[in-house]
Amino acid sequence: MAEFCLHDSDQYYLSLSEQPKRFDPNSPVTNVFFDDTNGQVFTVRSGGVTGVTVNGLDDSKSTSFRMEDKGPIISIKFSPDHKVLAIQRNVDTQTPSVEFANFKDLVPTNVEYSHTCKWKNAKILGFVWPKVNEIAFITDHGIELLQVFPEKKQLKTLKSTSFSGAWFSWCAQSNIVVLAGNNGALLQPFSLSSSNITKLQKLELDTTRPVVERDVFVLRLCEATWCAIFRHGSPCTSVPGPTEVCLMPITGGNGIQHILKTGLVGRFAVSVIDNLLVIHHQSSQTSQIFDIMEESKRDNNTAIHLPIVSGVSMKPALVDGQECPMYSGNWVVFQPDYIIDARLGCMWNVSLIHSGLAHSLSKDEIPKVVGTLLRRRGGKDTIYRILNQLVTNAETYLVELSGVFDEINCVYRKWADIEVARNTAGQVVEKGSDTFPVLISQTDMCSHVLQAHADDKYLVQVVTAYLSSLSLHNMTVQQPVAEISVRTLVTRGASGRLRSLVRRGCLGEEQLLACQLLSLGHFDPAAAQLALDMMCRLKAHEEIVEVLLSWNEPVSAAGAARQCGVWGALPARKVLSAAKVHGPAAFRALYHALLARNERERGSPHFLKGEQCEIYIEYYKQLMEDS
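What counts, and where the lines are drawn
- For every chain, the first residue of the written sequence is number 1, and numbering continues from 1 onward in sequence order.
- At least 70 in pLDDT is required for a residue's local features to be given in this predicted model, at least 80 for side-chain atom pairs to be given and counted, and no such filter applies to totals for whole chains, interfaces and linings, which use all residues.
- Side-chain measures here rest on the full set of heavy atoms in the structure, leaving out hydrogens and waters.
- For two strands to be treated as a pair, DSSP must find no fewer than two bridges joining them.
- Under the DSSP-based scheme used, a helix requires at least four consecutive residues in state H or I and a strand at least two consecutive residues in state E, with every element numbered from the N terminus.
- For helices, the fitted axis covers only the stretch in contact; all axes are lines through C-alpha atoms, and the angles between them, taken along N-to-C directions, range from 0 to 180 degrees.
- Exposure is judged per residue with a 1.4 Å probe applied to protein chains only, and the accessible area is read against the type maximum: over 50% gives exposed, under 20% gives buried, and values in between give partly exposed.
- When a carboxyl oxygen of Asp or Glu is within 4 Å of a side-chain nitrogen of Lys or Arg, the pair counts as a salt bridge.

Visitor: Before we go on, may I ask you to explain the sheet that holds strand β26 (residues 286–290) in this structure?
Guide: Sheet strands pair by backbone hydrogen bonding; their relative direction is either parallel or antiparallel. Spatially, three strands are ordered β24-β25-β26 in an open sheet, and the strand pairing comes out antiparallel. A single partner strand is all that each edge strand has here, and the edge strands are β24 (268–273) and β26. Direction aside, neighbouring strands of the sheet carry axes that sit 25° apart on average. Sheet analysis places strand β25 (residues 276–281) next to β26, joined by five bridges and oriented antiparallel. Its bridge partner being in β26, Ile 279 is matched across the sheet by Gln 288.

Laid out in structure tokens, this is it:
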């Protein structure tokens, strides 16, 4: 299969942020924690006695402080407004509780308090902040949602629900927690929103294949919340098969389950970047990208997906001027796009390099990649680069170019339909359906692609493919596209193709189009005739008469004027001027026809002085004398 490589594209399609957020690395006296709700790293030195540093990508929220060492810390997180710090310690001999400290302007106020879990013999698995002044204790007995009153140093239970869980996974983007019960054979989601705990539909698993904590991720993707479960091949064989990722919808997602085929075996991690699911594979040091919005094979209510492009490594990153180990065993990946190396003391974001998606792929994958870029913010420039390269090499990529046009016009058609529905009384537009990161209009196509290739050898084939795609998606050809298409087809001697496009409805019949065809009549008379036929169907009779007169075809003009009923209003001077050029026989015939018209309408054959026909009267007399 022939390969396509976008010129000057990056060989990588994923990169770590150029400047990592630095923090004190993990050591015998320093512990590192990550707060996934606020995206911050906590470094706790000597239990906090020698200092706690908080770093995030938002420097305005970074701070440092000291605190008393009251025992080993399991978890430490700020509230979303950074006014309350919550700390969970590993104290097995005491009643399970969480400590709190109030802050003002990121500085501790030395106001400390604690709260004990309602279940006295429960084990606190962790805690999360669903919103400002609300915290949820996740325990092996269930969930307790509490309201925090910092000024009163008190907490009040809002809601609680019982559930026997061994571990949990939390999605800060959707405030959904999934508790694992029955040793991982049952996954139960709960929504922590509106100061309430809502039990959602449980996720049905294969009871013979329970899941473990490291293989379950709750994530936000494509305006829905999913539970991603890694299935590591068949347990019935001695050699494990390739790992699949099962995306089970928790909220949204139209109830469709997605299966992602990695074709790999080993340890994995997950990131979400611009509604793409990225699967990182440690042993091969590669990352794969999946787009669940692409059209895919369906089996009942399950969609099967393969990677958009072949898996490659992330772009090498530099730390202190040196390349750092990629896919290190020290990496920890957090949602949606954080990667932390506690040994190096670095935190990065993962980002998408759009051009890298088209760096090396087979020809038949080009439309699929463009479809993916159409659904990504910032994908438009790469699409233009792909289009221009395909048009330049149209003799090789014409089929793929047609597929790309279809991807572009399909998206634009959907957007146009939604806009019509939005502006139509009584129509209800589905929430979120107006989100189209990239739209390429016909004007965009002309200004960024077609006009730059006016002299290309295969432009006739290119504009024909584009017009056919517009017709396939029931889109009216707009003036910029019609103008460049008609000019190309006529000047390149492809009038037969032009007539075929008009006949098939690919080029709509409009007066502007007909006028353009007329203007190109000196290149190809057939184009002018096509214009006249089009104007006739549009009932533009007066314009037809004017055109025929301008071509010095007075007899045909007079016939057309009689047929459409405008003969009586046709200026005699115009008719006689064209007739004089056409020849004496035509002039005498039309002169007599006009005299008859005058006799019929005014009762006298003579021309009026205001008609300015004196020179033609003299010319008629001269013709009669000569004869």
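Visitor: Please explain the pairing of strand β33 (residues 346–352) as it appears in this structure.
Guide: Where a strand is regular, its side chains alternate between the two sheet faces. Burial analysis of β33 places six of its seven residues in the buried class, which makes it a mostly covered element. Note that strand β2 (residues 14–16) and β33 share three bridges and pair antiparallel. Bridge pairing in β33 links Leu 16 to Val 350. Bridge analysis of strand β3 (residues 21–22) against β33 gives two bridges, and the strand direction is antiparallel. Opposite Lys 21, over in β33, you have Met 347 as the bridge partner.

Visitor: Help me understand the pattern of salt bridges, please; the structure alone is not making it clear to me.
Guide: If the charged atoms of two oppositely charged side chains come close together, the side chains can form a pair. Counted under the stated rule, the structure contains 16 salt bridges. As a salt-bridge pair, Glu 112 and Lys 70 come within 3.2 Å of each other at their nearest N and O atoms. With Glu 112 in strand β11 (residues 107–116) and Lys 70 in the loop between β7 (63–65) and β8 (73–78), this pair connects stretches of sequence that are 42 residues apart. With a relative accessible area of 39%, Lys 70 lands in the partly exposed category. The network of salt bridges with common partners includes Asp 291, Arg 375 and Arg 376.

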